[in-house]
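# Chain and residue survey
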There are 2 protein chains.
Amino acid sequence: MISKNQDIPTPEVCTANIAAVRDALYVLNGKWKLPLIVTLLNGAKRFKEIQRSLNEITPKVLSKELKELELNGFLERKVFNTFPVSITYELTPYSESLDEVIESLRSWGEQHRKHLVKGRRLESVLQDH
Amino acid sequence: MISKNQDIPTPEVCTANIAAVRDALYVLNGKWKLPLIVTLLNGAKRFKEIQRSLNEITPKVLSKELKELELNGFLERKVFNTFPVSITYELTPYSESLDEVIESLRSWGEQHRKHLVKGRRLESVLQDH
DNA sequence: GATACTGCTATCCCAAAGGATACCGGTATC
DNA sequence: GATACCGGTATCCTTTGGGATAGCAGTATC
């Protein structure tokens, strides 16, 4: 329906589309939110596990991102009465609503890197991981 | 393939997925890039038209975002020899690679707002447009 | 004792993104 | 003259995102 080849949206539809995209970005924007959700697709994880899996994130930033994602209903924090205390984070059913978003970004990121390799522009417009 | 219900990705696949999502976010992250591309789905536009259509963006930010999108190959800036000079911005064929990304975000943003209305949490986690 | 684990928090800092405002020169209109 | 159009740019500022580092208490292991 948003495809440019077949059906140019009217200005009203375009405005509504922009609003919806902005709603999504408001919730999902930033360096770490979606990568964090992707790492939890593997199953529930503990704080340090997540940190290792995301490689370069500081505890402070991780803590803040987890809180926001919890607040928005994407993940659940579970506390277990062990020594030391252990806490797991796992995705909620609502996080499944993001599957298409994540898949489209993953797929696009993959093809974009290939596109750049083909055009030899890799160094200037992609980040190291 | 990234769906959680059917096929939990292995850690290696997960790492590759995170990397691909991060590539995409590196290029597309921020408040204005995708809304800007959405507004050009309507067809080529001039600077002031884009500004009006995006509503709250300053000329400075718009100029910067347009430059970056042009640099990344998503749009083309055309200069016409009129009085005063007129310049249009239009999407390139490469921008079509973003169609699924944009559509998934639009669709998600739409359902998320509905989800929040249903749960009466609109005020706290969505932005005004 | 030291070091490691746990999941954070506090402090300080920098970088980046974004906003507010004023302005440019050339032309057109009143 | 004033104001508007055009597409920006310059300056100053605020806000947000993220990073670096140190530290907490309780427990376990050497």
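Structure's up top.
Residues numbered from 1 in each chain as written. Chains lettered and ligands numbered in written order. Predicted model: local features only at pLDDT ≥ 70, side-chain atom pairs only at ≥ 80, totals over all residues. Heavy atoms only, no water.

## Description of the packing of aromatic side chains
Counted under the stated rule, the structure contains 6 aromatic pairs over all chains. Between the aromatic rings of A:F74 and A:Y94, the centroid separation amounts to 5.7 Å while the plane-to-plane angle is 10 degrees, which identifies the pairing as stacked. Residue A:F74 is located in the loop between α4 (59-71) and β2 (75-80), and its partner A:Y94 is located in the loop between β3 (86-91) and α5 (99-119); the two are separated by 20 residues in the primary sequence. For the residue pair A:F74 and A:Y94, the accessibility class agrees, reading buried in each case. When the ring of A:Y94 is compared with that of B:W108, the centres are 6.4 Å apart and the planes differ by 40 degrees; the resulting orientation is tilted. Taken together, the residues span two chains, with A:Y94 in the loop between β3 and α5 and B:W108 in helix α5 (residues 99-119). On the basis of relative accessibility, which here comes to 14%, the residue A:Y94 falls in the buried class. Aromatic rings pair up to connect A:F74, A:Y94 and B:W108 into one cluster. (Phe/Tyr/Trp six-rings, centres within 6.5 Å; stacked < 30°, edge-to-face > 60°. Helix = DSSP H or I, 4+ residues; strand = E, 2+ residues; numbered from the N terminus. Buried < 20%, exposed > 50% of the residue type's maximum accessible area, 1.4 Å probe, protein only.)

## Some remarks on the relation of the copies chain A and chain B
Rotating chain A by 180 degrees and translating it 0.0 Å along the rotation axis places it on chain B, where the RMSD comes to 0.1 Å. A rotation of that kind, with that shift, is consistent with a two-fold axis. Of the interface residues in chain A, 100% have counterparts in chain B that sit at the interface too, so the contact is made through matching surfaces. (Least-squares fit on C-alpha atoms with pLDDT ≥ 70 in both. Contact = heavy atoms within 4.5 Å.)

## As for the interface of chain A and chain B
If you look at the interface, chain A gives 64 residues, while chain B gives 64 residues. Together, the buried faces of chain A and chain B total about 6000 Å²; carbon and sulfur atoms form 63% of this surface. Our count for the chain A to chain B interface comes out at 4 salt bridges. With its nearest N and O atoms 2.7 Å apart, the salt bridge here joins B:R113 to A:D23. Seen at the junction of chain A and chain B, the total is 13 residue pairs in polar contact (both at pLDDT 80 or more). Those elements giving two or more residues to the side of chain A that touches chain B turn out to be α1 (11-28), α2 (33-40), α3 (47-54) and α5 of chain A. (Buried area = accessible area lost by both parts, 1.4 Å probe. Salt bridge = Lys/Arg side-chain N within 4 Å of Asp/Glu carboxyl O. Polar contact = N/O pair within 3.5 Å; in protein donor to acceptor, adjacent residues only side chain to side chain.)

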